[in-house]
Amino acid sequence: MAEKLWKGRFEQPTDKLVEEYTASVHFDSRLYRHDIEGSIAHCRMLAECGIISHDEASLIVQTLGEILRDIERGKIELDSSQEDIHMAIENELTARIGETGGKLHTARSRNDQVALDMRLFMREALTGIRDLVNLVQTTLVDMAEAHLGVVMPGFTHLQHAQPILFSHHLMAYYEMFGRDFARLGDCLGRTDVMPLGSAALAGSPFPTDMEWTARHLGFSRVIANSIDAVSDRDYLIEFCSAAAILMMHVSRMAEELVIWSSAEFAFIEISDAFCTGSSIMPQKKNPDVPELMRGKTGRVYGNLFALLTLAKGLPLAYNRDLQEDKEPVFDSVDTVMTTLRLLSKMLPQIRINRERMAQMAGQGFTAATDLADYLARRDVPFRKAHHVAGQIVQHCIQAGKDLGDCSLDELKSFHKSFDEDIYAYLDISSIVDRRKSAGGTATDRVREAIARAKAELESRAQGSLKSLQTKE
Ligand code: ARG
């Protein structure tokens with residue numbers, strides 16, 4: 001059993017069950033790299049400020065490096081008697097270099113240490129997730145470009161509404177994920193604050209230099225208030241919220257993929273690699289991956305609620321409850337990352353049934369709005385035109401035919417303003433291409449949207465290249 005670093009005040013050993021109940025090492029061991037990175041920066045700062053000697057600092061830093069390697073090689077066993085990853089690493093350090101190891105914890109506490117570790121973790125996770133959102137957006141733009149010209153029915157209330165370009169539909173998701181990218185970026189901005197040195201809650205009496213630690217760890221600024229430093233979990237809640245919205249977007253797309261791949265829709269076929277079969281029905285090919293994407297959205301919502309509830313009743317500053325922030329955050333990070341990875345892999349392998357989409361684009365009287373628009377352009381008030389078009393639709397339903405099957409005389413019997421050019425006007429691609437309003441589905445507009453998206457992705461790539469260069 002590991003020695004408790006806080007044993008001084010205690011006369012009796014910790015109850016075994018309490019030890020297990022309070023331990024977090026089985027999940028926070030995931031922070032070992034960040035913990036060591038933070039400790040190394042802290043230790044160097046202590047030496048820079050003359051709080052410990054440079055020799056002591058070198059020994060500590062070198063040993064922490066060795067511990068890092070040994071953890072990575074699985075040579076260090078982590079168990080609940082060590083409570084958490086911070087204690088486990090410090091115990092290991094002291095076991096290796098004796099009392100000098102005990103100097104590392106000068107001018108800090110586990111409260112600011114865990115706050116730093118989580119910020120380091122989140123900074124990395126947010127960057128990784130944004131890269132994956134970027135990848136999904138790139139995939140969507142590529143698909144939109146490759147399938148430009150494919151028409152499909154656009155829906156409202158899941159009823160055929162008006163014909164649209166399939167690419168336009170894809171680009172709607174591009175926009176949604178673009179907002180996710182920005183939201184995660186905002187969260188990254190508020191994560192980028194360095195709390196170490198705030199110690200337990202009140203700050204430290206040692207002549208530390210928190211700016212030095214911040215610079216060393218690549219943070220933009222030091223946290224303004226030491227109490228806030230150890231109690232703030234806003235950035236984690238913001239992340240869980242951004243993750244919930246992101247998964248809601250994925251889930252809406254997943255739902256469409258599920259219904260579009262049904263025999264009733266038959267718009268798409270999802271690759272075998274992303275489907276599974278049934279143990280009883282030999283003919284089945286089920287869209288399990290999008291179904292699970294939709295399903296996993298629930299746990300990501302749940303994680304947001306877990307954190308909000310965790311934080312709502314806590315008096316300042318640190319409370320042990322805050323240890324419970326990690327599992328929901330880790331779960332959201334993992335779920336979002338695997339989901340996005342799979343989505344970007346699955347999308348390009350979807351087979352698009354363009355004939356079926358085009359055929360359906362014209363069904364369900366999707367040209368009815370244009371029938372009314374035609375009259376409105378000939379000076380018929382739109383309300384009147386709408387009524388006439390409605391009567392023609394009703395007539396077609398009863399006669400069992402399409403709008404385009406009506407003779408000119410038939411149309412004229414509803415309104416005298418119809419002319420021969422109505423047939424060309426109701427042609428599906430002209431219906432689509434007339435919708436040139438900003439952000440509309442006209443091919444020209446969609447082409448522009450794709451070009452804008454490519455420029456945006458390109459400037460993002462340039463931006464991250466630049467920030468990499470400035471870091472070097
Ligand atoms: N394992 C703890 C956590 O995750 C670290 C901080 C513990 N601090 C304390 N005063 N017990 O929150």
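Everything here concerns the structure above.
Basis of the calculations
Residues numbered from 1 in each chain as written. Predicted model: local features only at pLDDT ≥ 70, side-chain atom pairs only at ≥ 80, totals over all residues. Heavy atoms only, no water. Helix = DSSP H or I, 4+ residues; strand = E, 2+ residues; numbered from the N terminus. Expected span 1.5 Å × (residues − 1). Buried < 20%, exposed > 50% of the residue type's maximum accessible area, 1.4 Å probe, protein only. Contact = heavy atoms within 4.5 Å. Near = heavy atom within 4 Å. Polar contact = N/O pair within 3.5 Å; in protein donor to acceptor, adjacent residues only side chain to side chain. Areas by Shrake-Rupley, 256 points an atom, 1.4 Å probe, with all protein chains shown as cover. Core = buried A, V, L, I, M, F, W, Y, C linked by side-chain atoms within 4.5 Å. Phe/Tyr/Trp six-rings, centres within 6.5 Å; stacked < 30°, edge-to-face > 60°. Lys, Arg positive; Asp, Glu negative; His and termini not counted. Salt bridge = Lys/Arg side-chain N within 4 Å of Asp/Glu carboxyl O. Axes fitted to C-alpha atoms, helices over the stretch in contact; angles between N-to-C directions. Parallel < 35°, antiparallel > 145°, perpendicular 65-115°, else oblique. Left-handed = near helix turned anticlockwise from the far one by under 90°. Nonpolar A, V, L, I, M, F, W, Y, C, P; charged D, E, K, R; others polar.

Peer 1: So what's going on with helix α5 (residues 85-97)? Residues and values would help.
Peer 2: Across its 13 residues, α5 extends 18 Å between first and last C-alpha, which sits within 8% of the 18 Å expected from 1.5 Å per residue. Ile85, His86, Met87, Ala88, Ile89, Glu90, Asn91, Leu93 and Ile97 are the residues of α5 that are buried. Buried residues belonging to α5 abut α2 (25-28), α3 (32-48), α4 (54-72) and α6 (110-146).

Peer 1: Tell me about the site of the ligand, and name the residues and values.
Peer 2: Around the ligand, the structure places Ser24, Asp28, Asp84, His86, Arg110, Asn111, Val114, Tyr318, Arg320, Gln323 and Lys326. Between an oxygen atom of the ligand and a side-chain N or O atom of Tyr318, the distance comes to 2.4 Å. For the ligand, the protein covers 87% of the area, taking 340 Å² as the surface of the free molecule. Tallying contributions element by element places α6 first for the shell around the ligand, with three residues.

Peer 1: Tell me about the nonpolar core, residues and numbers included.
Peer 2: The biggest cluster of nonpolar side chains holds 100 residues, and the ones touching the most others in it are Met122, Ile129, Phe177, Phe239 and Val329. Element by element, the count of residues in this core is highest for helix α10 (residues 234-260), at 15 residues. Each residue touching Ile129, except ones within four places of it in the same chain, is listed here: Leu184, Phe239, Leu246, Val333, Val336, Met337 and Leu340. With 22 residues, the next largest nonpolar core counts Ala368, Val388, Leu403 and Leu408 among its residues.

Peer 1: I'd like to hear about the packing of aromatic side chains, residue by residue, with values.
Peer 2: Under the counting rule described, the total for this entry stands at seven aromatic pairs. Relative to Phe330, the ring of Phe121 has its centre 4.9 Å away and its plane inclined at 70°; by these criteria the two rings are edge-to-face. A residue pair is termed long-range when its members are at least 10 positions apart, and Phe121 in helix α6 and Phe330 in helix α12 (residues 326-346) qualify at 209 residues. For the residue pair Phe121 and Phe330, the accessibility class agrees, reading buried in each case. Between Trp260 and Phe267, the ring centres sit 5.9 Å apart and the planes meet at 50°, which makes this aromatic pair tilted.

Peer 1: Any details on the side chain of Arg130? Residues and values, ideally.
Peer 2: For Arg130, the position within the fold is in helix α6. It is Asp131 that comes nearest to the buried, bridge-free Arg130 among opposite-charge side chains, at 7.1 Å.

Peer 1: Give a detailed account of the packing of helix α14 (residues 368-377) against helix α15 (residues 382-399), specifying residues and quantitative values.
Peer 2: Where α14 meets α15, the closest approach of the two axes is 8 Å, and the angle between their N-to-C directions is 135°. Accordingly, the angle class assigned to the pair α14 and α15 is oblique. Viewed along their axes, α14 and α15 form a crossing whose handedness is right-handed. Every residue of α15 that contacts α14 at Ala368, Leu371, Ala372, Asp373, Leu375 and Ala376 is listed here: Phe382, Ala385, His386, Val388, Ala389, Ile392 and Val393. Across the contact of α14 with α15, the residue classes break down as eleven nonpolar, one polar and one charged.

Peer 1: Go over α3 with me, naming the residues and quoting the values.
Peer 2: With 17 residues, α3 extends 24 Å between its outermost C-alpha atoms, agreeing within 8% with the 24 Å of an ideal straight helix rising 1.5 Å per residue. Counting buried positions along α3 gives 13 out of 17 residues, so the element sits mostly inside the fold. Where α3 ends, the next residue or the one after it, Gly50, has phi of about 75°, a positive value.

As far as function goes, none of this settles anything; it's purely spatial.
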